[in-house]
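# Results of the structural survey
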Amino acid sequence: MQYVAALDQGTTSTRCIVFDHAGTIVSVAQQEHEQIFPRAGWVEHDPSEIRATTDAVIADALSEAGLTAVDLAAIGITNQRETTMLWDRATGDPVGNAIVWQDTRTAELCDELAADGGQDRFRDKTGLPLATYFAGPKIRWMLDQDPDVRRRAEAGELAFGTMDSWVVWNLTGGELHLTDVTNASRTLLMDLETLGWDEDLLDALGVPAALLPEIRSSSEIYGEATGPVAGVPIAGILGDQQAALFGQVCFEPGEAKNTYGTGCFLLMNTGSQLVPSTAGLLTTVGYRLGDEAPVYALEGSVAIAGALVQWLRDNLQIISSAPEVEEVARTVDDNGGVYIVPAFSGLFAPYWRSDARGVVAGLTRYANRGHLARASLEAVAFQTDEVIEAMHADSGVDLASLKVDGGMVGNELLMQFQADLLDVPVVRPAVAETTALGAAYAAGLAVGYWPDLDSLRANWSESQRWTPAMDGDRRADLRAGWRKAVERTFDWV
C-alpha cells in the first residue's frame, strides 16, 4: 500500500504529514523554527534552519509510520506564501534571512510606488493592492540594500523564491527552480490572466527577470526528489491558504473556507471568473490542475490571529501555553467591554492600512486577564466577520455555512463566538489538517493516486458543527464596539 506525503512549511514550524487513500493521517512530524525580530515591524526566518527542519521532519514522519521512500506515491508541498528570500544558484547558500509575509519594512517603498497610480496601481493585472504583504516589494528592498546583490541578481547568479521554491530547490539538489501559480499570484509580478511574469510589472518594481522561478501548475509531476526520499515524484505545490481551500474540497464556485492559523485567511472559489474586488479583498489563483484552466478565488487576509495568542503567551505571559487561552477566557462571561485590535503589522483586509498599529480599547479597573484572553479570541472572530461582509459585497453570495480549519479550530469558545457573530453554522471537518491534505491531494491527483475530484469529495466528512445562539441586538452592539476600536488604530505611524 502506498501513501502520499505533504510538506507543510509554515510560518512558525515545518511539518511532514503522511496520508493514506482515505485522506486520513498516518503519521506527523513537526519542528518549530525561530522567529527573528531585528527591529520593530521586521520579521525574518533563517532559510538554513528551515532547510534542516524540512529534512528532519521528512525522516521523522517516515520513521514514525515505519515507511521508506518506496512507500510514497508522491510528495506535495504547501508553504507560507509571500515570505521572500534570495539564494546563490551556484552554492545554494541563502543571501541573508528570508523576509516574512508579516514584515512591514517595505511600507515606505509601497508608498513611493503608490505615488504614481495609487494603492491599486497594479490591481487590474495582479488582483492585489500595493502592500507590504506581498513578495515583489520585498525583493526590491533586498536589491536596494546592496549594489552587489543587485548586480549578481541581474547577472543571473541569484535565485528568488517563496518558500515552496526553496523547498523544491533543496529537495531536488538544486535541479529545479520553480513555483506554482498560487504562490506566483502573491508576488505583484504575475498577470492573473496570462499566468506569466509581466514585463511591465517587473520594470515598475525594479525586479530583474533573471531572478525568477518558472511558473507551473499546482498539480503535475515537476521532478523527483533526492536524498532520503530519492525517486519520489514531487507533484503538487499550493500556497498554504489555497491548499486549505483544496483540502476542504471547495471545488465549486461559492464554496468557502476559513483557516485560523498564525493569520486568518478566508477564500471563496469563484471558478473560472476573475472577480475584481471593490471591498478590500484580493483576487487570486485558487489552483490549477495540470493543463486545465485556472480556478480563481476571492481572499480576505487577516495578518494576526493565532499570533495574538502567542503574544499573550510570550510577551505578556498571562498564559503559559496556547491552549490555556480558552480556559482563562472562560473565567469571565463576556469581554467586559474590552476590545483588542491586533494591528501589529498594520491591518490587512478589508482596510489595507500599513499605518495602523495595535490597540487595547475599553479598559477599566474591572478588566482582568480573563477579559484580555476573551478579547483576543473575539478579535479573531471580528476580523473574520469583516472579511465575510466584504466577500458578500463583492460576490453577492450569502454564506450558508463556514468550513473552518487550522490550529485554532480546537478552541470551542472561539468557534461558538464565530457562529454567533456570523449568524451561520461553523463546520469543522474530520481531518482538520486541511492545508497539508490539500497539498497531498494535488500531488496524488498528478500521479493517479486519486483519480478525480469526486474521489476527494468522498473523503470529506464533518466532525463538529456550531450553530448561532446570540440575539441580533447583542451582535449589533459587539460589532459597533469592534468598529470603534478599529478606528483607533488608524494613522498611528
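Look above for the structure.
Note that the structure is predicted; figures quoted are calculated from it, not measured.

### A closer look at the packing of aromatic side chains
- One pass over the full model with this rule turns up 21 aromatic pairs.
- Look at Trp87 and Trp169: their rings are 5.5 Å apart centre to centre, the planes differ by 65°, and that puts the pair in the edge-to-face class. Taken together, the residues span a long stretch of sequence, with Trp87 in strand 6 (residues 85–88) and Trp169 in helix 6 (residues 163–171) at a distance of 82 residues.
- Note on Trp87: relative accessible area 0%, which makes it buried.
- Look at Trp169 and you get buried, because its relative accessible area is 8%.
- Against the face of Trp42 rests Arg105, its NZ or CZ located 3.8 Å from the ring centre.

### With respect to the sheet that holds strand 15 (residues 256–260)
- Reading across from one edge, 17-18-16-15-21-22-23 is the order of the seven strands in this open sheet, with mixed pairing throughout. Edge positions in the sheet fall to strand 17 (282–287) and strand 23 (462–466), since each has one partner strand and no second. Across the sheet, the mean angle separating the axes of adjacent strands is 30° when strand polarity is ignored.
- Two strands pair when backbone bridges link them, and strand 16 (residues 264–271) and strand 18 (residues 295–302) are joined in this way by seven bridges, in the antiparallel orientation. Bridge pairing in strand 18 places Gly271 opposite Tyr296.
- Sheet strands touched by helix 13 (residues 412–422): strand 15, strand 21 (402–405), strand 22 (426–429) and strand 23. Its angle to strand 23, the strand with the most contacts, is close to 60°.

### Overview of empty space enclosed by the protein
- Scanning all chains against the criterion turns up three cavities of 30 Å³ or more.
- Estimates place the volume of the largest cavity at around 90 Å³.
- Around the largest cavity sit 14 residues that line it, and Val302, Leu347, Phe348, Ala349 and Gln383 are the ones nearest its centre.
- For the lining of the largest cavity, the secondary-structure elements that each account for two or more residues are strand 18, helix 12 (369–395) and helix 16 (472–487).

### Focus on the environment of Ala244
- By the secondary structure assignment, Ala244 is in helix 9 (residues 240–247).
- The class for Ala244 is buried, based on a relative accessible area of 0%.
- Dropping the residues within four chain positions of it, Ala244 is found in contact with Lys257, Thr259, Asp405, Thr434 and Thr435.

### Re the state of the cysteines
- Under the defined criterion, the tally for this structure stands at zero disulfides.
- No disulfide involves Cys264; its nearest neighbouring cysteine sulfur is the one of Cys250, lying 15 Å away.
- Residue classification places Cys264 among the buried residues on the basis of a relative accessible area of 1%.

### So, the environment of Leu456
- Among the structural elements, Leu456 can be located in helix 15 (residues 453–459).
- When the C-alpha atoms of Leu456 and Val18 are compared, they prove to be 16 Å apart, with 438 residues separating the residues in sequence.

### Some remarks on the nonpolar core
- Within the largest apolar cluster, 101 residues are counted, with the highest numbers of intra-cluster contacts made by Tyr133, Leu211 and Tyr260.
- The element contributing the most residues to this core is helix 12, with eleven residues.
- Among residues more than four places away in sequence, those in contact with Tyr133 are Arg81, Glu82, Trp101, Lys138, Arg186, Phe265, Leu282, Glu299, Ser301, Phe348 and Trp352.
- Judged by nonpolar contacts, the second largest core, of 27 residues, contains Ala439, Tyr441, Ala443 and Trp450.

### Describing the pattern of salt bridges
- In total, this model carries 34 salt bridges according to the counting rule given.
- Close ionic contact of Arg123 with Asp120 constitutes a salt bridge, the shortest N to O distance being 2.9 Å.
- Since its relative accessible area comes to 13%, Arg123 is described here as buried.
- We classify Asp120 as partly exposed; its relative accessible area is 44%.

### Section: the sheet that holds strand 3 (residues 25–32)
- Pairing is mixed in the open sheet, where six strands are placed in the order 3-2-1-5-14-13. Single-partner strands in this sheet number two, and they are strand 3 and strand 13 (219–224). For this sheet, the mean inter-axis angle between neighbouring strands, taken without regard to orientation, is 25°.
- Two elements, strand 13 and strand 14 (residues 233–239), share three bridges in a ladder whose sense is antiparallel. By the bridge assignment, Gly223 is partnered in strand 14 with Ile234.
- Lying on the sheet, helix 1 (residues 47–65) is in contact with strand 1 (3–9), strand 2 (13–19), strand 3 and strand 5 (72–79); it crosses strand 3 at an angle near 150°.

### A few points about the pairing of strand 1
- Within strand 1, seven of the seven residues are buried, which leaves the element mostly enclosed by the surrounding structure.
- Here strand 1 shows a buried face lined by Tyr3, Ala5, Leu7 and Gln9 and a second buried face lined by Val4, Ala6 and Asp8.
- The pairing of strand 1 with strand 2 spans six bridges and is antiparallel. Within strand 2, the residue paired with Val4 across the bridge is Phe19.
- Between strand 1 and the antiparallel strand that follows it, strand 2, lie three residues.

### Points about the packing of helix 4 (residues 135–145) against helix 5 (residues 147–154)
- Direction vectors running N to C along helix 4 and helix 5 enclose 120°, while the axes themselves pass 5 Å from each other. Judged on the interaxial angle alone, helix 5 and helix 4 are oblique. On the side of helix 4, the interface is formed by Arg140, Met142, Leu143, Asp144 and Gln145, while helix 5 contributes Pro147, Val149, Arg150 and Ala153.

What counts, and at which threshold
- Residues numbered from 1 in each chain as written.
- Predicted model: local features only at pLDDT ≥ 70, side-chain atom pairs only at ≥ 80, totals over all residues.
- Heavy atoms only, no water.
- Phe/Tyr/Trp six-rings, centres within 6.5 Å; stacked < 30°, edge-to-face > 60°.
- Helix = DSSP H or I, 4+ residues; strand = E, 2+ residues; numbered from the N terminus.
- Buried < 20%, exposed > 50% of the residue type's maximum accessible area, 1.4 Å probe, protein only.
- Lys NZ or Arg CZ within 6 Å of the ring centre and 35° of its normal.
- Pairing = 2+ DSSP bridges.
- Axes fitted to C-alpha atoms, helices over the stretch in contact; angles between N-to-C directions.
- Contact = heavy atoms within 4.5 Å.
- 1 Å grid on protein atoms, 1.4 Å probe; cavity = no way out; pocket = protein on both sides within 12 Å on 5 of 7 lines; lining within 4 Å.
- Points joined across faces, edges and corners; volume = space filled by probe spheres on them.
- Disulfide = S-S within 2.5 Å.
- Core = buried A, V, L, I, M, F, W, Y, C linked by side-chain atoms within 4.5 Å.
- Salt bridge = Lys/Arg side-chain N within 4 Å of Asp/Glu carboxyl O.
- Parallel < 35°, antiparallel > 145°, perpendicular 65-115°, else oblique.

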